[in-house]
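Secondary and tertiary structure notes
Listed below, chain by chain, are the residues.
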Amino acid sequence: MSLHFHRNPDGTTTGRNEATGFTVTHAEEEEVKRQLYEDAGWAYTPPPPPVPPGFHRFALVHDEFEHTGFGDERYAGPRARPPEGCVPVDRGCFALKCERPGRTLLDAVAGTVAEVRREHGLVMNSLGVEKPDEWYGVDRNGHAGVIAAHLMLTAIHRARVLGYGRKDLVRLLDAAGLE
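Summarised in this report is the structure supplied together with it. (Residues numbered from 1 in each chain as written. Predicted model: local features only at pLDDT ≥ 70, side-chain atom pairs only at ≥ 80, totals over all residues. Heavy atoms only, no water.)

Bringing the packing of aromatic side chains into the picture now. Aromatic ring pairs are described here by two measures, namely the spacing of the ring centres and the angle between the planes. This model, assessed by the stated rule, comprises four aromatic pairs. Ring geometry for Tyr 37 against Tyr 44: centres 6.0 Å apart, planes inclined by 85°, an arrangement best described as edge-to-face. Residue Tyr 44 is classed as partly exposed on the basis of its relative accessible area of 24%. Ring centres of Tyr 75 and Phe 94 lie 4.8 Å apart, and the angle between their planes is 15°; this geometry places the pair in the stacked category. Taken together, the residues span a long stretch of sequence, with Tyr 75 in the loop between strand 4 (55–62) and helix 2 (76–80) and Phe 94 in strand 6 (residues 94–101) at a distance of 19 residues. Here the two residues Tyr 75 and Phe 94 agree in accessibility, since each one is buried. Here the aromatic cluster, defined as three or more aromatic residues joined through ring pairs, consists of Tyr 37, Trp 42 and Tyr 44. The ring of Phe 70 is capped by Arg 79, whose NZ or CZ atom sits 5.6 Å from the centre of that ring. (Phe/Tyr/Trp six-rings, centres within 6.5 Å; stacked < 30°, edge-to-face > 60°. Buried < 20%, exposed > 50% of the residue type's maximum accessible area, 1.4 Å probe, protein only. Helix = DSSP H or I, 4+ residues; strand = E, 2+ residues; numbered from the N terminus. Lys NZ or Arg CZ within 6 Å of the ring centre and 35° of its normal.)

This is the structure we're talking about:
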């Protein structure tokens, strides 16, 4: 079964259940999702309430090609003493579900990544986005910001695995004209 969502130019969202042909358009994206889940016979869980101003909600994941799992001894420290506002979760790998302060989403993510690295020697390398659609939305503190942070953390991890260092990445950022 496949559910598809599309944001329309007028701000509405259209969803379609390919298995049943059910299609719905509504101004509220969550209402589209609720109706599609109902049509599919799935349980719908509404989103959590908004975070307070100045806080951001995100998941940080330590994702490796070699499957290590949530119980790996490297995660004992952050499981026992996660950063404030974060809860360890098992996603088949080690993850932290966080609500953290920050001027922007990237600021909150960067502060959390730095704290985990400093306190536990672990570099979180993903925000758990399985199929990032880098053109989805424009909200820098919403899903679009999550995609940007995820792509950057994943790129840093991949570069490290390939033997690139900080200077290589900064040179690429400078060459791309990032100011």
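Still more ground to cover, so stick around.
Taking strand neighbours across the sheet as the criterion, the three strands line up as 1-2-3 in an open arrangement whose pairing is antiparallel. Lying at the two open borders of the sheet, with one neighbouring strand each, are strand 1 (3–7) and strand 3 (23–26). Put simply, the sheet's adjacent strands are angled 15° from each other on average, direction ignored. Bridging between strand 2 (residues 13–17) and strand 3 involves four bridges; their strand directions are antiparallel. Note that in strand 3 the partner of Thr 14 across the bridge is Thr 25. Here helix 1 (residues 29–40) sits on the sheet and contacts strand 1, strand 2 and strand 3; the angle it forms with strand 2, its principal contact strand, is near 10°. (Pairing = 2+ DSSP bridges. Axes fitted to C-alpha atoms, helices over the stretch in contact; angles between N-to-C directions. Contact = heavy atoms within 4.5 Å.)

Judged by nonpolar contacts, the single largest core of 21 residues is most densely connected at Phe 58, Leu 60, Phe 94, Leu 96, Val 109, Met 124 and Leu 127. Those residues within four positions of Phe 94 in sequence are excluded, and the remaining contacts are Leu 60, Val 61, His 62, Phe 70, Tyr 75, Pro 78, Arg 79, Pro 88, Val 89, Leu 122 and Met 124. Listed in part, the five residues of the second largest apolar core include Val 24, Val 32, Leu 36 and Tyr 37. (Core = buried A, V, L, I, M, F, W, Y, C linked by side-chain atoms within 4.5 Å.)

By rolling a water-sized probe across the atoms, one finds the places where empty space is left. In this model, the second largest pocket occupies a volume close to 1000 Å³. Broken down by secondary-structure element, the contributors of at least two residues to the lining of the second largest pocket are helix 3 (105–120), helix 4 (143–161) and helix 5 (166–175). At seven residues, helix 4 tops the list of elements feeding residues into the lining of the second largest pocket. (1 Å grid on protein atoms, 1.4 Å probe; cavity = no way out; pocket = protein on both sides within 12 Å on 5 of 7 lines; lining within 4 Å. Points joined across faces, edges and corners; volume = space filled by probe spheres on them.)

To continue, consider the state of the cysteines. Summed over all chains, the structure comprises one disulfide. The side chain of Cys 86 participates in a disulfide bridge whose partner is Cys 98; the two sulfur atoms lie 2.2 Å from each other. In this structure the cystine formed by Cys 86 and Cys 98 twists about its S-S bond by roughly 110°; its chirality is therefore right-handed. A residue pair is termed long-range when its members are at least 10 positions apart, and Cys 86 in strand 5 (residues 86–90) and Cys 98 in strand 6 qualify at twelve residues. For Cys 86, a relative accessible area of 7% puts it in the buried group. The closest cysteine sulfur to the non-disulfide-bonded Cys 93 is located on Cys 98, 13 Å from its own sulfur. For Cys 93, a relative accessible area of 13% puts it in the buried group. (Disulfide = S-S within 2.5 Å.)

The values are spatial; any link to function lies outside them.
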